Amino acid sequence: MQPNGSEEPPHSERQGHSFTISSSLPAATSRVRRFVQERRALPLPRVMVVLSAASDTEKPGDAMSSSDTAQDDFRKPSTPAPNLNLGKALRSTLNSSQEFPEVIPLNVGGTYFTTRLSTLRRYEDTMLAAMFSGRHYIPRDAEGRFFIDRDGAYFGDILNFLREGELPHRDRVRAVHREAQYYAIGPLLDNLEDIQPLTGEKVRQSFLDLLPYYKDNLKRIVEIAKLRAMQRKARFAKLKICVYKEEMPITPYERPLFNSLRFERTESEAKLFEHHCDVDVSFGPWEAVADVYDLLHCIVGDLAELGISAEQQCIGVCDKHLINHYYCKRPIYEFKITWW
């Protein structure tokens, strides 16, 4: 009896946990003994690993709430997270994989050069500075020279400008300008475009920009001349080309019915003069001080740049009748293209 008058609980109830464990030991011992007698391997205990990406609001016990989810997590092997530091280390290794000496031997298309590393890095926004910055791999030839797969005929002019700002001779300006475009050397491009013949080319191009069809017409001249020469088995071919500056024809020896100025004609009046001359190619009109002979000079010169010999002469005017006594009167030129 306790002091408060309640009966003392039985010993088995006071130590319920100890009773449960001791009562299960004989059963467990008998199971082990039975497996040993039957010479069977004891089953390994299953270990369940549950990986949970629960948020901060989830309770720790929520991961074990579903047996299906636990089994799926047990079946799927865990994938290791990528090591970001390893990628940074790899990139750092690649970036510093090629170090350059102070004196650089170069092989540019089979022509050898030697220069300082600082010369190649003179201007940051150039291809040469990027190539020799250490961020890119540059192959070497059998002698260990750094190889650039480019014609080296004008690379010396490139180096001379990088060394001391020296510009090439006039007869080499166009070729060096092409190389400067390839290597993206902006300061050299700016200097070359301010001297002849590139300055004159800029002025000429400002005139040709008034004729957006100019290059297409040059191609048509070459194609037509080639086709006619091959069909006739001839050494040369002749074409009729119309070159006119004014959109509307002007005949001072006649008395025109309409004002010759284009902007003073109505749209209906202008349509009366619309027609196509009977020629192979037609150039015009344009609004500039440059006249017909200036455009003829451009056509012959650009054909010569393509290696095509061309001669031209005026053979008359277009006599197509437009309205009443008014005729076209646009000049017609005969171009003779010689192929050999």
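Everything here concerns the structure above.
Our subject in this report is the structure included herewith. (Residues numbered from 1 in each chain as written. Predicted model: local features only at pLDDT ≥ 70, side-chain atom pairs only at ≥ 80, totals over all residues. Heavy atoms only, no water.)

## Describing the nonpolar core
Side chains that are nonpolar tend, in soluble globular proteins, to be buried together. The biggest cluster of nonpolar side chains holds 28 residues, and the ones touching the most others in it are Tyr214, Ile221, Val243, Phe283, Leu295 and Ile299. Among the elements of the structure, α10 (198-208), α11 (214-232), β4 (236-243), β5 (281-283), α13 (292-305) and β9 (331-338) are those that each provide at least two residues to this core. For Val243, the contacting residues outside a window of four places in its chain are Phe283, Trp286, Val292, Leu295, Leu296, Pro331 and Tyr333. The next biggest cluster of nonpolar side chains, apart from the first, holds 27 residues, and it includes Leu117, Leu120, Phe132 and Val173. (Core = buried A, V, L, I, M, F, W, Y, C linked by side-chain atoms within 4.5 Å. Buried < 20%, exposed > 50% of the residue type's maximum accessible area, 1.4 Å probe, protein only. Helix = DSSP H or I, 4+ residues; strand = E, 2+ residues; numbered from the N terminus. Contact = heavy atoms within 4.5 Å.)

## A closer look at the pairing of strand β2 (residues 111-116)
Pairing geometry for strand β1 (residues 103-108) and β2, over six bridges, is antiparallel. Counterpart to Val108 in the pairing with β2 is Thr111. (Pairing = 2+ DSSP bridges.)

## Things to note about α10
Those residues of α10 that fall on the buried side of the exposure criterion are Leu198, Phe207 and Leu208. All buried residues of α10 project into a common sector of 160° when viewed along the axis, lining one side. (Arc of directions from axis to C-beta.)

## Observations regarding the sheet that holds β5
Through backbone hydrogen bonds, the strands of a sheet pair up, either in parallel or in antiparallel fashion. Overall, mixed pairing links the four strands, which are arranged β5-β4-β9-β6 in an open sheet. The open sheet has two edge strands, β5 and β6 (309-317), and neither has a second partner. Across the sheet, the mean angle from the axis of one strand to that of its neighbour is 30°, orientation sign disregarded. This element, α11, spans β4, β5 and β9 of the sheet and lies at about 150° to β4. Where α13 meets the sheet, its contacts fall on β4, β5, β6 and β9, and the angle it forms with β9 comes to roughly 15°. (Axes fitted to C-alpha atoms, helices over the stretch in contact; angles between N-to-C directions.)

## Digging into the packing of α11 against α13
Remark: α11 packs on α13, axes separated minimally by 11 Å, with the N-to-C direction vectors making an angle of 60°. The pairing of α11 with α13 is recorded here as oblique in orientation. Two packed elements cross with a definite hand, and for α11 against α13 that hand is right-handed. Along its contact with α11, which presents Tyr214, Leu218, Ile221 and Val222, the element α13 presents Leu295, Cys298, Ile299, Asp302 and Leu303. Taken together, the residues of the contact of α11 with α13 sort by class into eight nonpolar, no polar and one charged. (Parallel < 35°, antiparallel > 145°, perpendicular 65-115°, else oblique. Left-handed = near helix turned anticlockwise from the far one by under 90°. Nonpolar A, V, L, I, M, F, W, Y, C, P; charged D, E, K, R; others polar.)

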